[in-house]
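Examining the three-dimensional arrangement
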Amino acid sequence: MFKARNKKFSLLMALIFAFTVIFPVGAAFAADYSRIGSVSVVDDDGDRTLNTVKVVTTGGELSNGDTVIIRLPKDFAFNGADGKPLSSWEYGTVSKDVYYGDYDKGCYIYIPNDSDNGLNGAGVEDGTDIFDIEVLDDNEIKIEVTGNPSVIEDGQFFIYLKNVHVDEGFDGDIELTMDAPPGSGFDDAKVVVGCVSGGNVEIEVTDTDTFSDSGYVTIRLTEDRAGAFDKDSESVKFILPDGFVWDEAIDGKNIEKTKPSDENSYAWVVYGSGLEGTIEVDEDELIVNITDDTGNAGDKATCIEIVAKIEVDDETEVELGDIIVDVKGESDVTPSEVVVGTYGEYEVKVTAADPETVYAGQLEQEIADITIEELIEGSLVDGRTITLTLPSWAKWGALPDEVSDGSVTLELTSFPGKDGQVAKYVVHNEDADDAAELELEDMEVVLSPEAEVGDLVVEIGGTAGINEEVKVAEVVAPLEVTVSGVPNIVIGRSAQDIGEITITEADAGMLKEGKDLVLKLPDDIDWDDYDVEVVEGDLELGDIDDDDNVLTIEIEDESNDPSTIKITGSVVAYRTVPEGDVFVKVKGEAVIEVNDVSHSSGEGYTGEVIDYYGDPVEGYYEISDVPAIEYDEDGLFEDDTTVAKAKVATVGTPAPAEQKLTTSITLGENGSYISDGRIMVQLRDAATALGVAEQNIFWDNNTKSVTFIKGDRVVQITVGDPLVKLNGIALPTDKGAEIKDGRTYVSLRAAGVAFGATATWDNATKTATLTVQ
C-alpha cells in the first residue's frame, strides 16, 4: 500500500498515448517506463496537462533503499490541484493530493488497487508503505523503496502529470527524466510527456467534385493543441481563384455542435468542446469566425468540418484543372494552399484494364474491362451513341446488355453491318447529379485464324463525341510452327525429304480433343511418307491419314501441359510444280474453333460456334438477345482457314516448256547394233535425248528393270521382256531389252512405244530418227 508522509506526494501525467509497451517474458529490468497516449501538444507559460507515465516493476529486482529521481525541465514545476508547486506545501497540504485509489487535478502517484498488482497484492498489509516520496525541488522528486523486498512482486504504478507548470518561451519536446544512482533497482530513462507548440490549425480537404458549373467541397480544420484557433473575426479564411465564388447558402451559419442531417452546406464540431463561431461568405472568400473558445482552451483540441458549395461566376476567367484556394487568417494554418475541386469542360475519359492474352482462331476470348468515365456530370448526353469497333479479323462474342452508374445507363441496341465487328450502345442520362463511371465488364471476342499477332485495339466512337482507342488484349498464335533443315527438291520425283516440322501449343489444350489437325501441302506436291510423334507434353494422338497433299492428325486427348508434335516426312513433287518455296499450311478444327459449324435437316445446327452463340435466330447469331452476326455455313471467317504456315522445301527445277524433241542414231554409233533383225539403241541416251531428266531415270538392279518419268508418263522396261508398261498398262513391242557391255539397249520400236515417239529409217545412211511431239 502507499500513503503520504512528510515530503511525500504523487505525480500526475497528461494526455493518453496511442500505445502501451508490452514487455517480453524474462526481460532484464527492475522498472521500465512508458508513455500512455499520443504526445500531448500544449502551449507554454501556464499549467498544462501532460502524458501519464506507466512504470512496470519486476519482482525481486527492487530492494529496500532503491531510489530514482524524477525530473522535469528547468523552470517547470510539479503542481498540486490548486496550482501551487509541491515543494512549497506543508505535509497536510501535500497529503490531500496523494491518492491510493482516486485522484483530483494535481500531480500524484497512483498504485492501482488490483490483486494482480504485486505492489498491492498478497502479503502487503493495509497501511504498509511501499515508496517514500520526497520533493527535492519544484521540478524534481525522489522515490525511495521502503517496503519489504520479499513482498514486492511484479507490479505497476502510474505517475500522473495533471497540472505541470510549463515555462514561458519553452519550445519542443518535454522530457520527464528518470535518474537512478548506481546499484539501484530502478533504471535510467527519458520519456517524452508533452510537446510545446505555438498552436497550429491543420487544413485537410476530404472530399471534392469535378464540375463545370458548381460543386461541393468538404474541408476539415484541426487544432494540433487546444486553443490553436485564434479567437478573432477572421480566424481562418479561404480565398478562391478568379472566376469562382462561394455559394451564399452557408453565409451566416453557426458552427454547430452536431452534424446537420438536412442541409447541404454547413459547419460543425467533429470533436473538441467549448468552441463557438460562424461562417461568413464574401464572394470569393469563406471566413471562419471563432467567437468564443470558453472551455476549449483547457485540454481538448478541436476539429471543425465545413461543407460548402463553389460556383463558377465568370467562365472567361476560370482555368481548367485544379481549383486551388489560398488559406489565410489570424490563426496559424498549414498548408497555405489546398485543392478544393477540379474545373473541367464536358469530356469523357476511356481507359482499359491490363490487357489479356487471346488466341487466334478461338472462341470465347476474354478481353480487358473498359471504363468510360465522365470527367464532369452531363458529359454523356441522353440519346447519343457509343460504338465499339474491332479489327476486321475479330468479332464480338459477349457484351453486357446494359451498364449503369447512378442515373446514367448504356444500353446495347444493335450491331451495325451484322458482321459482329461493331457494337452500338445508346446513352440514357436522366439528369445525373454526379459524373458517371461506366465499366464494361465480362467482354469476349472471337478471332480469325489469321488474326494479326500483337495488339488487339478497340476503337470507341459514336455520336457521344468519343474518339479513343484502347488496347484490350495481346493476340498470340495458338501454335508455333518451326521447320529445321529446309531442303531443295526437284520436280518429277518421289520420296524427297522435306524439313522436319515442329508444332508447339502456346498453352495447354490448344489442340481440341476429338478434332483433326490438318497439314496441307501445295497442289501437285503429295505426302509420300511420314512419321508423327508427340515429343513433349501429354497430348495424345489418334488416327493419322494422308490424302494426296493433306495429312490429317486426330487429337485423341487434349494436353494438360503445352505439348509439342514432331513430323518428319517425304513428298512427291509432280512436274507441274512451279519453281520456288514450298509451304505447309496448318489447319483443322482441332485448332480453329471459329469455323466449326454445320447444319443438317436431321441434326439441326451443330459445332463449336453453335455451342458458343446458340442457334441462329432468323439467320443471325445473337449477343445479349441482339442480332449480331449473319449465319454462314462455312463459319465465322469463311475465307480464313489457316492458323499457321511454314516453309518446308524449295523447288529448284522448273517444269520445262513443251517442245518438239528429235534424236538421230546411226547404226554403229554410240554402241548401236542389230539383234534378231532389230536395230538396238542405248536406252539412257535415247531417253535423255527425248526429254527425260536424268533424275527421273531409276534403275532397279534386283528386277533388272528401268523406270522413266516424263510428265504424266511413267514407263517401265524390263530386260528380256518384250512388254513395255506405260502408266501400269502393258504394251507389246517387237523385242525385249538386252544388256551389252554393261549397258541396257532397246529396239527402236520399243523406244517409240516407251516415249511416245515416231521412228523413221534411212537405209542409205543407216540412220534411225526418233521424234517426240
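Everything numeric here is computed off the predicted structure, so don't read it as measured data. (Residues numbered from 1 in each chain as written. Predicted model: local features only at pLDDT ≥ 70, side-chain atom pairs only at ≥ 80, totals over all residues. Heavy atoms only, no water.)

1. Here's the deal with the overall build of the protein chain
Cut-off, in case you're wondering: For helices the rule is a DSSP run of H or I covering at least 4 residues; for strands it is a run of E covering at least 2, with both sets numbered from the N terminus onward. Working definition: with a 1.4 Å probe on protein chains only, accessible area under 20% of the residue-type maximum means buried, over 50% means exposed, and in between means partly exposed. Residues are treated as being in contact if the distance between any of their heavy atoms lies within 4.5 Å.
Counting its secondary structure elements, the protein chain contains four helices and 66 strands. Out of the 773 residues belonging to the protein chain, those deemed buried represent 48%. Considering only contacts within the protein chain whose residues lie at least 6 apart along the sequence, 69% involve residues at least 24 apart.

2. Observations concerning the sheet that holds strand 22 (residues 285-292)
Rules: For two strands to be treated as a pair, DSSP must find at least two bridges joining them.
The six strands lie next to each other as 15-26-24-17-22-21, forming an open sheet whose pairing is mixed. For this open sheet the edge positions go to strand 15 (210-211) and strand 21 (276-282), each flanked by a neighbour on one side alone. As paired strands, strand 21 and strand 22 are joined by seven bridges and run antiparallel to one another. The residue of strand 22 that forms the bridge with T278 is N289.

3. Points about the side chain of T707
With respect to the helices, strands and loops of the structure, T707 is situated in strand 59 (residues 705-710). Among all residues touching T707, those that are not within four sequence positions of it are N696, I697, F698, V714, V715 and Q716.

4. Some words on the sheet that holds strand 31 (residues 385-389)
Under the convention used in this document: Under this scheme, a helix contributes an axis fitted over its contacting stretch, all axes are lines through C-alpha atoms, and angles between N-to-C directions fall in the 0 to 180 degree range.
Judged by pairing direction, the sheet is mixed, and its seven strands sit side by side in the order 28-39-38-31-35-34-33 without closing on themselves. This sheet does not close on itself; its edge strands, each paired only once, are strand 28 (356-359) and strand 33 (402-405). Adjacent strand axes in the sheet meet at a mean angle of 30° when their direction is disregarded. For strand 28 and strand 39 (residues 468-476), the ladder comprises four bridges, and the chain directions are parallel. Looking at the pairing, Y359 lines up with V476 of strand 39.

5. Structural notes on the confidence of the model for the protein chain
Applied cut-off: Confidence scores per residue from the predictor, reported as pLDDT, run from 0 to 100.
Of the residues in the protein chain, 88% have a pLDDT of 70 or more, and the chain-wide mean is 85. Overall, residues 121-127 carries pLDDT values under 50, and its contacts beyond four positions in sequence, including any with other chains, amount to eleven contacts. Low pLDDT, under 50, characterises residues 294-298; the predicted model gives this stretch twelve contacts beyond four residues in sequence or across chains.

6. Some points on the packing of aromatic side chains
Note the threshold: Note on aromatic contacts: the rings of Phe and Tyr and the six-membered ring of Trp form a pair at centre separations within 6.5 Å, being stacked when their planes are under 30 degrees apart, edge-to-face when over 60 apart, and tilted otherwise. We count a charge as sitting over a ring when the NZ of a lysine or the CZ of an arginine lies within 6 Å of the ring centre and within 35 degrees of the ring normal.
Using the criterion set out here, one finds ten aromatic pairs in the structure. Plain terms: the ring middles of F76 and F170 are 5.0 Å apart, the flat faces sit at 80° to each other, and that makes the pair edge-to-face. Of this pair, F76 sits in the loop between strand 5 (67-71) and strand 6 (77-78) while F170 sits in the loop between strand 11 (164-166) and strand 12 (172-179), placing them 94 residues apart in sequence. With a relative accessible area of 2%, F76 lands in the buried category. Measuring from ring centre to ring centre gives 6.5 Å for F211 and F244, while their planes differ by 90°; the resulting arrangement is edge-to-face. With F211 in strand 15 and F244 in strand 18 (residues 244-246), this pair connects stretches of sequence that are 33 residues apart. Here the aromatic residues Y605, Y612, Y613, Y621 and Y631 are joined through ring pairs into a cluster of three or more. A cation over a ring is seen here: K740 above Y673, with NZ or CZ 4.1 Å from the ring centre.

7. Section: the environment of E474
Locating E474 in the fold gives a position in strand 39. Taking C-alpha positions, E474 is 9.0 Å from I367, a pair spaced 107 residues apart along the chain. Ignoring any residue separated from it by four or fewer positions in sequence, one finds E474 in contact with P355, E356, T357, V358, G454 and D455.

8. Examining the side chain of R225
To keep things clear, this is the line we draw: We define a polar contact as two N or O atoms separated by no more than 3.5 Å, with the added condition that, inside protein, one atom must be a possible hydrogen donor and the other a possible acceptor, whereas residues neighbouring each other in sequence contribute only through side-chain atom pairs.
Along the chain, the position of R225 falls in the loop between strand 16 (214-223) and strand 17 (236-239). Among the residues examined, R225 registers a relative accessible area of 6% and is labelled buried. A polar atom in the side chain of R225 sits 3.3 Å from the side chain of D43. Side-chain polar atoms of R225 contact the backbone oxygen of S197, separated by 2.8 Å. Not counting chain neighbours up to four residues away, the residues in contact with R225 comprise V41, V42, D43, S197, G198, G199 and A301.

9. Observations concerning helix 4 (residues 748-755)
The element helix 4 is largely enclosed, with a buried count of six among its eight residues. Residue G756 follows helix 4 closely and has a positive phi angle near 65°.

10. Here we look at the pattern of salt bridges
Selection criterion: Salt bridge, as used here, is a side-chain nitrogen of Lys or Arg placed within 4 Å of a carboxyl oxygen of Asp or Glu.
Using the criterion set out here, one finds 16 salt bridges in the structure. Residues K471 and D455 are paired through a salt bridge, measuring 2.8 Å at the closest nitrogen-oxygen approach. Of this pair, K471 sits in strand 39 while D455 sits in strand 38 (residues 454-461); the two residues are 16 residues apart in sequence, bridging distant segments of the chain. Judged by its relative accessible area of 32%, K471 falls in the partly exposed class. If you follow the salt bridges from partner to partner, you end up with D455, K471 and E474 in one network.

11. Here's the deal with the nonpolar core
Worth spelling out the cut-off: Note on terminology: a nonpolar core comprises buried Ala, Val, Leu, Ile, Met, Phe, Trp, Tyr and Cys residues joined through side-chain atoms within 4.5 Å.
By size, the foremost hydrophobic cluster in this structure holds 95 residues, and its most contacted members are W396 and L517. Sorting elements by how many residues they give to this core places strand 54 (residues 644-651) first, with five residues.

12. Some remarks on the pairing of strand 62 (residues 729-732)
Looking at chain direction, strand 61 (residues 723-726) and strand 62 are connected through four bridges and run antiparallel. Paired with K725 across the strands is A730, a residue of strand 62. Hairpin geometry of strand 61 and strand 62 is characterised by an intervening segment of two residues between the two adjacent antiparallel strands and by a positive phi of about 55° at N727.

13. Re unusual backbone geometry
Among all residues except glycine, the phi angle is most often negative; among peptide bonds, the trans geometry is most common. Put simply, T334 and P335 share a cis peptide bond, and its omega is -5°. Positionally, P335 belongs in the loop between strand 25 (333-334) and strand 26 (337-343).

14. Side note on the environment of S265
Within the element layout of this structure, S265 appears in the loop between strand 19 (255-256) and strand 20 (266-271). Looking at S265, the relative accessible area reads 3%, which means it is buried. Once the C-alpha coordinates of S265 and Y216 are considered, the two residues, 49 residues apart in sequence, prove to be 8.5 Å apart. In contact with S265, not counting residues within four places along its chain, are Y216, A249, I250, K253, V307, A308 and K309.

15. Re the pairing of strand 30 (residues 370-374)
Counted residue by residue, strand 30 has four buried out of five residues, so it is predominantly covered. Pairing between strand 27 (residues 348-352) and strand 30: five bridges, direction antiparallel. Paired with K349 across the two strands is E373, which belongs to strand 30. Relative to strand 36 (residues 437-440), strand 30 is paired through four bridges, and the arrangement is antiparallel.

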